[in-house]
Amino acid sequence: MQGASRGSLLTVRQELNASLESGADATALGDELFAVSGVLGSSASLRRALTDPTAEEAGKASLVDRLFGGKVSDAAVQLLRRAVGQRWTDERDLGDALEQLGVECTLTAAERAGRIDAVEDELFRFERTVAGDAGLRDALGDRRRSGEDKADLVGRLLEGKAAPETVRLARQAAANPGGRRVERVLESYVAVAAQLRDRLAATVTSAVELSEDDRSRLGHALARVYGRPVQLNVIVDRRIVGGLRVQVGDEVIDGTIATRLEEARRAMAG
């Protein structure tokens, strides 16, 4: 999100946090926000009506009441009223913001249940599964399949094997990817989980499994570099031969043998 939408998201998040601190059901509220985001995604006219900067705030709030009052909780309606009172750079940003807050609600529910670590790890593992399975990736990217069908496919794969919050978020990513590949959506959810705990997420690629001592040393080293705790998500890829590749956001630290060999090959060819 850019421009005014960034500030608007922060304002609506404050409303959400106040609601959650007052005892709102995080799981139910997250599901409601996902549902409203889906409605906005399917109706351009509604998006325009609720984000029109020339329209009166009271009129947009009244439209929220008519459309969603009695269909979602009072907490959700209040949050939506706050959201439509903000300025959005792009009309789609409102729905995207509600989806992101739905993700935060679901992760908050996992945190309250003591499952946040498991959910973060399961989302990462499922993202790697999708990225590494061409058949599954194609099925989830098939425009001829409905979002509900894709969500059901994910549900069948994960049900009984992952935390309920993981299943809920993976279904959401499959059903409503917003034009992105599902694995990229899952990757963004992992980043949100890290942010909720004031952590950075680092994707570490290694030729071998890292021991707990190795993980601890690397985690502490990265924490010193970035000045905050770092969640390590480790991928084993024997093709890199040795060394490590660490990615934190857009920053990549590549110390793999495969990369050094490729650099040497290019130098010799030059």
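Refer to the preceding data block for the structure.
So, a few notes on the structure that sits alongside this text. Just so it is clear, the structure is predicted and the values come from calculations on it, not from any experiment.

Points about the nonpolar core
Part 1 of the reasoning: With 31 residues, the main nonpolar core has Leu107, Phe126, Leu140, Leu169 and Leu186 as its most contacted residues.
Part 2 of the reasoning: The set of elements that each furnish at least two residues to this core consists of α6 (92-112), α7 (116-132), α8 (134-141), α9 (147-158), α10 (164-175) and α11 (182-196).
Part 3 of the reasoning: The leading source of residues in this core is α11, at seven residues.
Part 4 of the reasoning: What Leu140 contacts, discounting residues up to four positions off in sequence, is Val130, Lys150, Leu153, Val154, Ala174 and Val182.
Part 5 of the reasoning: Counting 29 residues, the second largest nonpolar core, distinct from the first, contains Leu16, Leu40, Leu50 and Leu101.

Some details on the sheet that holds strand β1 (residues 200-206)
Part 1 of the reasoning: Read across the sheet, four strands follow the order β2-β1-β3-β4 without closing on themselves; strand pairing throughout is mixed. The sheet is open, and its two borders are formed by β2 (230-236) and β4 (251-254), each paired with just one other strand. Within this sheet the neighbouring strands show an average axis-to-axis angle of 20°, counted without direction.
Part 2 of the reasoning: Where β1 meets strand β3 (residues 244-248), five bridges bridge the pair, whose relative direction is antiparallel. Across the sheet, the residue bridging to Ser206 is Leu244, located in β3.

Focus on the pattern of salt bridges
Part 1 of the reasoning: According to the stated counting rule, one finds 18 salt bridges in the structure shown.
Part 2 of the reasoning: Between Arg81 and Asp65 there is a salt bridge; the shortest N-O distance is 2.6 Å. Here Arg81 is found in helix α5 (residues 74-84), whereas its partner Asp65 is found in helix α4 (residues 57-68), with 16 residues between them in sequence.
Part 3 of the reasoning: We note a salt bridge from Arg144 to Asp142, for which the minimum N-O separation is 3.1 Å.
Part 4 of the reasoning: Residues participating in the shared-partner salt-bridge network are Glu127, Arg128, Arg184 and Glu187.

Some thoughts on the packing of α7 against α8
Part 1 of the reasoning: Two numbers describe how α7 lies on α8: the axes approach to 5 Å, and their chain directions differ by 95°. With respect to each other, α7 and α8 are oriented roughly perpendicular. Taking contact as the criterion, the partners of Phe126, Thr129, Val130, Ala131 and Gly132 in α7 are, on α8, Ala134, Leu136, Arg137 and Leu140.

Digging into α11
Part 1 of the reasoning: Its 15 residues give α11 an end-to-end C-alpha distance of 21 Å, which sits within 8% of 21 Å, the value for a rise of 1.5 Å per residue.
Part 2 of the reasoning: Here α11 has its buried residues at Val182, Glu183, Val185, Leu186, Tyr189, Val190, Val192, Ala193 and Ala194.
Part 3 of the reasoning: Contact partners of the buried residues in α11: α6, α7, α8, α10, β1 and β2.

A few points about the environment of Thr205
Part 1 of the reasoning: Assignment of secondary structure puts Thr205 in strand β1.
Part 2 of the reasoning: Here Thr205 falls in the buried class, since its relative accessible area comes to 11%.
Part 3 of the reasoning: Sequence-wise, Thr205 and Asp254 are 49 residues apart; in three dimensions their C-alpha atoms are separated by 9.3 Å.
Part 4 of the reasoning: The residues touching Thr205, leaving out its near neighbours within four places in the chain, are Ile235, Asp237, Ile240, Gly243, Leu244 and Arg245.

Procedures and definitions
Residues numbered from 1 in each chain as written. Predicted model: local features only at pLDDT ≥ 70, side-chain atom pairs only at ≥ 80, totals over all residues. Heavy atoms only, no water. Core = buried A, V, L, I, M, F, W, Y, C linked by side-chain atoms within 4.5 Å. Buried < 20%, exposed > 50% of the residue type's maximum accessible area, 1.4 Å probe, protein only. Helix = DSSP H or I, 4+ residues; strand = E, 2+ residues; numbered from the N terminus. Contact = heavy atoms within 4.5 Å. Pairing = 2+ DSSP bridges. Axes fitted to C-alpha atoms, helices over the stretch in contact; angles between N-to-C directions. Salt bridge = Lys/Arg side-chain N within 4 Å of Asp/Glu carboxyl O. Parallel < 35°, antiparallel > 145°, perpendicular 65-115°, else oblique. Expected span 1.5 Å × (residues − 1).

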